[in-house]
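Below, each chain spelled out in residue letters.
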Amino acid sequence: MEHAVAVSGEDSSPEQIICSSQLKPSNNTAIKCLKCDKVYIFPNDKDDCLAHLYLEHRLVIADVEDIALLEDYLQYWEKEFQTHEFEQYCTTMFLDQLPDGKYAKNEKYYLLCDILPQDYELRRKLKEKRLSEALERHQFELTDRNFSKECLFCRTIIKGLRADYLDHLFDKHFLLVGKPEKLVYVDELLDHLEENLNRLMCLYCEKIFRDRPTLKEHMRKKGHKRINPNRREYDKYFLINYNGGPTAPTPRKQHHQKRRRETASVSTIADPETGSVDFDKHFARPDSDAEHDSDWSDWATDGEPSSIKCLYCHHLGDNFTLLKEHMHDVHRLDFEKATSSLNFYQRVKVVNYLRRQMCLLRCVTCDLHFDEEELLMEHMAQESHYGIGEKESWDKPEFFFPYIENDGLLCVLDDSGGDDPEVDTVRIISEDSLAQINKDAERLSLENFKL
Amino acid sequence: MADAAPARSGFRGGFGSRGGRGGRGRGRGRGARGRGKEDSKEWVPVTKLGRLVREGKIKSLEEIYLYSLPIKEFEIIDFFLGSALKDEVLKIMPVQKQTRAGQRTRFKAFVAIGDNNGHIGLGVKCSKEVATAIRGAIILAKLSVVPVRRGYWGNKIGKPHTVPCKVTGKCGSVSVRLIPAPRGTGIVSAPVPKKLLTMAGIEDCYTSARGSTGTLGNFAKATYAAIAKTYAYLTPDLWKEMPLGSTPYHAYSDFLSKPTPRLHAEA
């Protein structure tokens, strides 16, 4: 795992390194047992933990292999069981044997399964979380150009996209790992393959060979230049497995419940009044959501919205209206009023001018320099020098250019102000039209004009 | 290395039977991959415009835009813009639908395509697999490619670098206004429109966005609408009367009336 991070460490900005280790599904986490205080290190001790839960606490988790992120699942339930008893959440079963197989009468066992709506929700949410993590990583891998790795077979170093690397493996060495659009966690996969090759193990049949040339010969002759499809540990590299579609673990119990709920509201028998069966409701094809396909409004940020920094202090406003309110309340500046007579370009200049003044710790009205921010703020508050400054100060062409990078304030400025477009109008010239009329029409033209 | 190629094809049959959740994802890539590279030359046009383009009767994409002919085949765009066109996947998100058997997850891919020099397109496609969604979205993006008109701010030196006039595009509640900027300003906007404006070939531009810009889908579409409007705006230099040309369908009607000879398997 550390090795993998080092290879992809070419993308050297710290946030990217954190990203890749967080999204990898095989982190080492310490999980406390649900009822007692024993600690297990996942993923290695997973089986020990589950065995302990069964033997010591008589707790069985249903469909444990299907749970998306077992660590998070256990952590959630550990918190719950701190204050509640098993019986409140689990189904109790009576079996006629002790955990170690000896005969006993009516021993209580607890089954934690998703017939409990809370558990079902939790499992579903974990699945979604895992899927969105995988998709994020997938998107990153599709576009990241900082990938660089030595080829598994020849000695060339491939730089650029991971897709380029996989293409090289296919074109030059006929090794098909998979299509780049379908793979995720590619770095880990490639490291895994590299490890196998270094151990002189064939990727497909997994036999060990004497040395590298023999291994290469074998793989070439037998056509074993691909991954063993039966090995489950490769599943996590293929995006299709994160889907959890109709084969998802919806146990039969849930199915019954859903059925009951549905038949209550929608009767599949003919409507007694009109004697007709509503065709669309019952027999419409599930793919009839074609209009949702081209719907762009699905895509919305659910992360924090981008915030705009105040012109004078470090306050961040969520949107322009809130920011204007803040500036009015704290700095007693009515931005709207102050800029009402200015056209768009002048407002841009004002914003850039103010940003510069604050950066240089100079007062916006009298241009006095201060050594510290607090002194500047005090001065401006006392002298009421909060404002937009004199026109001569900011009406310079250098303030057309944004002073701070990604200044959110410049992207929300109102365009409506500025009554006289004649003042300060800059002549804007359009590009010549690129269209070409066909030769016949040109000959017919009355004037000779250049296109 | 040469032996490996024929040896491969023998295994293709074996793969299908194995199935399994993992096998499907891996097996499908193989055959299609090898064939995909040859397919790109074998375009058989099905529309009149496609036939004209294939035969080289139409010299540039701008001729098609001049007559506002609808483009129904993405290979037409490929033919003219080809390698200059770069696509970028803006977002892949899972959309879920509740069915009786649980939840059905499909993937929706949002793709933007552009040549950084005057053309931009947007596409969205939903599908069960990520790769299919991306491929479908790229095709739809190519079909939606529009020309971008650029202009100068102030002096007409060098190449056009900014939008020719203030244009607004609206989608949903989001409205985006593009405002000309002097050379060297760069693109002053949120990340999503910035990407689109760069791909369109606009170097300098101010933007002003209103509405719920959190809906990035509508934000992107509004920017695209604004960029497309640059050629819709009638500026004084377009006032000159131009003679009515004949549409390519009319000009080449005798070529179109002849049935195309069947494409033989050429070497």
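Reading the values: rules and limits
- Residues numbered from 1 in each chain as written.
- Chains lettered and ligands numbered in written order.
- Predicted model: local features only at pLDDT ≥ 70, side-chain atom pairs only at ≥ 80, totals over all residues.
- Heavy atoms only, no water.
- UniProt positions renumbered as here; feature names shortened; annotations may be inferred.
- Helix = DSSP H or I, 4+ residues; strand = E, 2+ residues; numbered from the N terminus.
- Disulfide = S-S within 2.5 Å.
- Buried < 20%, exposed > 50% of the residue type's maximum accessible area, 1.4 Å probe, protein only.
- Pairing = 2+ DSSP bridges.

- Identification of chain B as Small ribosomal subunit protein uS5 from Drosophila yakuba is taken from an unreviewed UniProt entry.
- Here chain B is described in UniProt, under the heading Sequence similarities (unreviewed entry), as follows: "Belongs to the universal ribosomal protein uS5 family."

- As recorded by an unreviewed UniProt entry, chain A carries the name C2H2-type domain-containing protein and is attributed to Drosophila yakuba.

### Focus on the UniProt feature "domain: C2H2-type" (unreviewed entry) in chain A
Next, step 1: Per the UniProt annotation, the sites labelled "domain: C2H2-type" (unreviewed entry) are residues 200-229 of chain A.
Next, step 2: End C-alpha atoms of residues 200-229 of chain A are separated by 19 Å, and the span's content is 33% helix alongside 0% strand.

### Digging into the state of the cysteines
All names here are of chain A.
Next, step 1: Counted by the stated rule, this structure contains zero disulfides over all chains.
Next, step 2: Between cysteine 202, a cysteine without a disulfide, and cysteine 205, which holds the nearest cysteine sulfur, the sulfur-to-sulfur distance is 3.5 Å.
Next, step 3: The exposure class assigned to cysteine 202 is buried, which follows from its relative accessible area of 0%.

### Side note on the pairing of strand E9 (residues 205-210) of chain B
Residues and elements named next belong to chain B.
Next, step 1: When you tally the buried positions in E9, you get five out of six residues, the bulk of the element.
Next, step 2: By the bridge criterion, five bridges tie strand E7 (residues 174-179) to E9 in an arrangement that is antiparallel. When the sheet's bridge partners are listed, serine 175 is paired in E9 with arginine 210.
Next, step 3: Pairing analysis gives two bridges linking strand E8 (residues 187-188) to E9, with the strands arranged parallel. Bridge pairing links valine 188 to tyrosine 206 in E9.

### Looking at the pairing of strand E5 (residues 103-112) of chain A
Residues and elements named next belong to chain A.
Next, step 1: The pairing of strand E3 (residues 59-61) with E5 spans three bridges and is parallel. Bridging across to E5, isoleucine 61 finds its partner in leucine 112.
Next, step 2: Both strand E4 (residues 91-97) and E5 contribute to a ladder of six bridges, which runs antiparallel. Looking at the pairing, threonine 92 lines up with tyrosine 110 of E5.

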